[in-house]
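Listed below are the residues making up each chain.
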2 protein chains.
Amino acid sequence: MNNQKEVHIWYVRYQTEKVKQLSTDPRVTAYQLQQAEMELEKAKQRVTKSGAGSSSSASSNVILKVPKGTRDFNPAQMRLRSDVLSKITEIFKLHGAHQIDTPVFELKDILTGKYGDDSKLIYDLKDQGGEILSLRYDLTVPFARYVAMNKISSIKRYQVAKVYRRDNPAIARGRYREFYQCDFDVAGQYESMIPDAECVKLLDEILSCLDIGKYLIKINHRKILDGIFEVAGIAPELFRGVSSTIDKLDKTPWAEVADELKDLRALTPAQIATIAMFVNISGPLPKVLNILMTNWEFMACELARQGLDDMMLLIKYVKSLGIPDSRVVFDLSLARGLDYYTGVIYEAILETSAGEESLAVGSIAGGGRYDNLVGMFDANKRKVPCVGVSIGVERIFSILEQKRKDSMKPFDVQVYVASAQKDMVEHRLRLASMLWDARLKAEVSYKPNPKLLQQLQYCEDTNIPWVIVIGQDEVARGVVKLRNVKDRKEEEVSETDLVSEIRARLGISVADSVKPKCLENGVGNETTK
Amino acid sequence: MNNQKEVHIWYVRYQTEKVKQLSTDPRVTAYQLQQAEMELEKAKQRVTKSGAGSSSSASSNVILKVPKGTRDFNPAQMRLRSDVLSKITEIFKLHGAHQIDTPVFELKDILTGKYGDDSKLIYDLKDQGGEILSLRYDLTVPFARYVAMNKISSIKRYQVAKVYRRDNPAIARGRYREFYQCDFDVAGQYESMIPDAECVKLLDEILSCLDIGKYLIKINHRKILDGIFEVAGIAPELFRGVSSTIDKLDKTPWAEVADELKDLRALTPAQIATIAMFVNISGPLPKVLNILMTNWEFMACELARQGLDDMMLLIKYVKSLGIPDSRVVFDLSLARGLDYYTGVIYEAILETSAGEESLAVGSIAGGGRYDNLVGMFDANKRKVPCVGVSIGVERIFSILEQKRKDSMKPFDVQVYVASAQKDMVEHRLRLASMLWDARLKAEVSYKPNPKLLQQLQYCEDTNIPWVIVIGQDEVARGVVKLRNVKDRKEEEVSETDLVSEIRARLGISVADSVKPKCLENGVGNETTK
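From a predicted model like this one, the values you see are computed outputs, not experimental measurements.

**Q** Any chance you could explain the relation of the copies chain A and chain B here in plain terms?
**A** One copy of the chain maps onto the second through a rotation about an axis and a displacement along it. Here chain A sits on chain B after a turn of 180° about the axis and a move of 0.0 Å along it, with an RMSD of 0.2 Å. Here the symmetry operator amounts to a two-fold rotation axis.

This is the structure we're talking about:
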């Protein structure tokens, strides 16, 4: 390794840190961040170039990092994540949904033309001979492909999996390039708004049970949006483009959005004024409905009336489902970026309750109705209408991680097998094996002759509540010392009673554990004990 | 869509079916399968070409398939899979392991030079500007990267995730391009064989609890293999190559392996004869040890003696851990393909008990000690010795799917809310909401005015045990009819008692359900009911 290369590597580290700092600083603009990232890329290329020539020994000079916008999860983080995911999954199951899974990549053609402007964010795989593949961008398009391919006419499914977007990461805001989505969708020929309402109910159940603070579910309808555009006299072929500009309203002030409508979408001042009037309307469902229904120009539009009919049903059902008015808003500025929505759309946002004013900190879930997506995959254009909701759990993880920083501990070992003397490995292993076979969570030191004090210290550090301590004397008499780590009291227990004694102390009922859980379906081999 | 294109598409379907049939036929050779697959690729290219020109409307002509070697999982399959994964995870936790997660892709440099010949099977991502990435090939290298990057000196971790290999798929044999691995590894400076023995114990626990039939855990040691090569007079730089040829012995007859040793590895007949003698040795651990210890030439080799010392310790510990001799074999022909192993290696195989002779049907788990891998990532060459085991669950899924074909049902909804009359949507939703809020699994028809018979039929078809039936009269009196789907008996229950009555009938204790599970950590918003 030459000196110059060391300098290059050092500079990469420095620049990596700098980018990390910038990305968490709210005052930094996207442009500044991009500049810093480009500088980092250049620095990395210098390292790669300076390393050329020392091929085989170079592997230890590999820059140790995860790909941009991704991260590892340590045990404490994983425990929180699996807690959250299992709570969400449980609610999916409450509603009778079935789990499916699809590959992480799809044929590129499947994803093409589904995401509008965002298609540029799709990760492609290298052409190594064979099919042209891309990593999935969401779980909705693969689900539609699944429904069409298997000629399914109705299904209520959930899927929990990672999706991939080559977006500019914003770590502090919980935006990554690899992230989990938890999707619930109902596919089938249902002429009612009942599944749409169930999605809102399910979203409310999930958010209210996750302890993430106050939230708001914004609802709108693509047909109402399109009705507004029609009223404004905009040509139908411009609808989706105008829609995706309006979608920026949650992050961008109106003035900038208006500029884009003028410059990029070529709308007239009058058209923009009409849109401005409508997208400012937001409030409880019945109130907004009333405003719209007294607007004769709007009510003259067939498309808009269809949307309103849907929304009136939705209001009724949302009420029947017991969702409080305070958590649902009819927001005419909600547009959602993706092309495929055709009916109701919704989005959940978190509010930080900073005294008087509550500040929206970003979307944590979204969804809507997409009645044409499955048909796009079907050779006979057979339509299967769908509606669904997608929980963006990364932001939820970030929030809960902040909240629980202190209490996140990954350990829950129940018993430790320790020895007070030398040459006890085999006896320690024999007892540990007895505990494992009885489905008790147990650990044992990997050292042949560990010191007793170190073993006890480990239990205190990692909150293991019980320790079995053995020596030659105990082994000879077929007993163990059972020590309570907290109060340090020891009792003698016979080896034969050991399992039941520990279960009793841990409050595990015999029914739960006498029969190891995995024996339910019978065992192929003889049991080990 | 033109006529010729239709013919092309039809031919792709035909050829797809043919490849599927061939891949499940044991008489078909790899070459024949490859030919059929190439024909399929050509056919697909013809479709793509004939479709050029009709760009935007072409999306419905997309060939609906998942990428080669991958598959979707339907709800029944997913239930089995999550059963199996949760049993495995539970045993990982019994041993005090912590879960981590890493990104699905790594910087390509991280994976380079870790897999020997198999590196050609790595999936690369397209260079879209930025970093050069590859999909992970296993969970071991990302784990070593994680340990090095976070400067961890000891950890016992598990990870359950999909890995990717551009291998020739063999569906009938459970070989896919996307598949789950369940890995358990112990990293740290342990001078003993205790963690190695724990891995064998854990593997035995998992396999014995999965109801997959008889299995065998083969064990060997890289230093013993290298000792054999030394005794045979082979140059050290050839060891890994010879090793990966010998690794084929489980699928290939000795004659072919011997040919490869001669032609590809350039060994002399005498060298091959020495290897032949050793790799034929296999049997219970103590027996094989005795054979080796009486071979003076072998015992004169320092490397071999180190391996034997390890194996002697392992025998003792495996015995202490209560693993029956009948399930463990010391097999000198076991080599394992991957470059990074340095000590004990093991592999579990399934045996089909076809009367007298048992036929090995393939490896379902493997692992071993790799003491240098973390050091390859560390700038200061700091070593962290590791040992681990990886469960290849796809084969296990295939076996269990075959066994449970009839009994795989994805449903477990507990109550259905039905109505006997029209215009009851809002009342059905109100009652469903009540059940969901009480954490009961409930469903309700999505039709505004479903027929009672259809609703009851659905419950019978999907094994939902209880139905609530309501009409105007019941609603007025604040009661429901609670119907047992099996014996069709109905009782009247008041709405206020409904939840507790259903819980009682389902045998759910109040403690389990009175407090919805997700309220444990407090609720941010007011509760919905």
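**Q** Sorry if this is basic, but what is going on with the pairing of strand E14 (residues 466–470) of chain A here?
**A** Put simply, side chains in a regular strand alternate between the two faces of the sheet. Residues and elements named next belong to chain A. Buried residues dominate E14, accounting for five of its five residues. Neither face of E14 is open: one carries Trp 466, Ile 468 and Ile 470, the other Val 467 and Val 469, and all of them are buried. Inspection of the sheet shows strand E12 (residues 415–419) paired to E14 by five bridges, in the parallel sense. Residue Val 417 lies in a different strand from E14, and its bridge partner there is Ile 468. With four bridges connecting them, E14 and strand E15 (residues 479–484) associate as antiparallel partners. Considered in E15, the bridge of Val 467 is made with Arg 483.

**Q** How do you make sense of the interface of chain A and chain B when you look at a structure like this?
**A** It is common to report an interface's size as the accessible area lost on association of the parts. On the side of chain B, 118 residues touch chain A, which itself brings 118 residues to the contact. Interface of chain A and chain B: buried area, both sides summed, is about 10,900 Å²; carbon and sulfur atoms make up 57% of it. Applying the counting rule to chain A against chain B returns 16 salt bridges. Scanning the region where chain A abuts chain B turns up 39 residue pairs in polar contact (both at pLDDT 80 or more). Of the residues belonging to the side of chain A that touches chain B, the class tally is 49 nonpolar, 26 polar and 43 charged.

**Q** It is not clear to me how the pattern of salt bridges should be interpreted in this structure. Could you clarify?
**A** Side-chain pairing between opposite charges can occur once the charged atoms of the two side chains come close. A complete count under the given rule lists 76 salt bridges over all chains for this structure. Residue Arg505(A) is joined to Glu501(A) by a salt bridge in which the shortest nitrogen-to-oxygen separation is 2.6 Å. With Arg505(A) and Glu501(A) both in helix H19 (residues 498–506) and four residues apart, the pair spans about one turn of that helix. The partner of Lys441(B) in a salt bridge is Asp412(B), and the shortest N-O contact between them spans 3.3 Å. In this pair, Lys441(B) sits in the loop between helix H16 (425–437) and strand E13 (442–444) while Asp412(B) sits in the loop between helix H15 (393–403) and strand E12 (415–419), placing the two residues 29 residues apart along the sequence. Residue class for Asp412(B) comes out partly exposed when judged on its relative accessible area of 31%. Overlapping salt bridges, with partners in common, bring together Arg71(A), Arg81(A) and Glu394(A) in one network.

**Q** How should I be thinking about the sheet that holds strand E14 (residues 466–470) of chain B in this particular structure?
**A** Strand pairing in a sheet relies on backbone hydrogen bonds, with the paired strands running either antiparallel or parallel. Residue and element names in this part refer to chain B. Reading across the sheet, the five strands line up as E13-E12-E14-E15-E16 and stay open at both edges, with mixed pairing between neighbours. Sheet topology places E13 and strand E16 (490–494) at the edges, where each strand pairs with a single neighbour. Neighbouring strand axes in the sheet, compared pairwise and without regard to direction, differ in orientation by 30° on average. Lying over the sheet, H16 contacts E12, E13, E14 and strand E15 (479–484), oriented at roughly 165° with respect to E12.

**Q** Any chance you could explain the nonpolar core here in plain terms?
**A** The tendency in soluble globular proteins is for nonpolar side chains to be buried side by side. Of all hydrophobic cores here, the largest spans 180 residues; its most connected members are Phe92(A), Leu135(A), Ile275(A), Phe298(A), Ile391(A), Leu135(B) and Ile468(B). It is helix H6 (residues 194–209) of chain A that contributes the most residues to this core, nine residues altogether. Leaving out residues up to four positions away in the same chain, Leu135(A) has contacts with Val104(A), Phe105(A), Leu111(A), Ile122(A), Tyr123(A), Leu125(A), Tyr164(A), Phe105(B), Leu125(B) and Leu135(B). Counting residues in hydrophobic clusters, the runner-up holds 107 residues, among them Val475(A), Ile194(B), Leu203(B) and Cys301(B).

**Q** What should I look at first to understand the sheet that holds strand E16 (residues 490–494) of chain A in this one?
**A** Residues and elements named next belong to chain A. Here we have five strands laid out as an open sheet, ordered E13-E12-E14-E15-E16, and mixed in their pairing. The open sheet has two free edges, formed respectively by strand E13 (442–444) and E16, since each of these has just one partner strand. Pairwise comparison of adjacent strand axes, ignoring direction, gives a mean angle of 30° for this sheet. As judged from the five bridges shared by E15 and E16, these two strands associate in the antiparallel manner. Opposite Lys 481, over in E16, you have Glu 492 as the bridge partner. Where helix H16 (residues 425–437) meets the sheet, its contacts fall on E12, E13, E14 and E15, and the angle it forms with E12 comes to roughly 165°.

What counts, and at which threshold
Residue numbers run consecutively from 1 along every chain, following the written order of its sequence. To label them, take the chains in the order written and letter them from A, then take the ligands in the order written and number them from 1. Totals for whole chains, interfaces and linings use every residue, but because this is a predicted model, local features are given only for residues with pLDDT of at least 70 and side-chain atom pairs only at 80 or more, for both listing and counting. To obtain the side-chain values, all non-hydrogen atoms of the structure were used and water was disregarded. Fitting of the copies onto one another was done by least squares over C-alpha atoms, counting residues only where both copies have pLDDT of at least 70. Relative accessibility under 20% of the residue-type maximum defines a buried residue, over 50% an exposed one, and the middle range a partly exposed one, all with a 1.4 Å probe and only protein chains included. Helix numbering and strand numbering both begin at the N terminus, where a helix is a DSSP run of H or I of at least 4 residues and a strand a DSSP run of E of at least 2. In this scheme, strands are said to pair when DSSP sees at least two bridges between them. Should any heavy atoms of two residues lie within 4.5 Å, those residues are considered in contact. Buried area: the accessible area, evaluated with a 1.4 Å probe, that two parts lose upon being put together, summed over both parts. The salt bridge criterion pairs a side-chain nitrogen of Lys or Arg with a carboxyl oxygen of Asp or Glu, the two atoms within 4 Å. Any pair of nitrogen or oxygen atoms within 3.5 Å is treated as a polar contact; in protein, a donor-acceptor pairing is required on top of that, and neighbouring residues in sequence qualify only through side-chain atoms on both sides. Each residue is assigned to one class: nonpolar for Ala, Val, Leu, Ile, Met, Phe, Trp, Tyr, Cys and Pro, charged for Asp, Glu, Lys and Arg, and polar for all the others, Gly among them. Think of each axis as a best-fit line through the C-alpha atoms, taken over the contacting stretch in the case of a helix, with angles from 0 to 180 degrees between the N-to-C directions. Think of a nonpolar core as a cluster: buried Ala, Val, Leu, Ile, Met, Phe, Trp, Tyr and Cys residues, connected wherever their side-chain atoms sit within 4.5 Å.

Take it as geometry only, folks, not as evidence of what the structure does.
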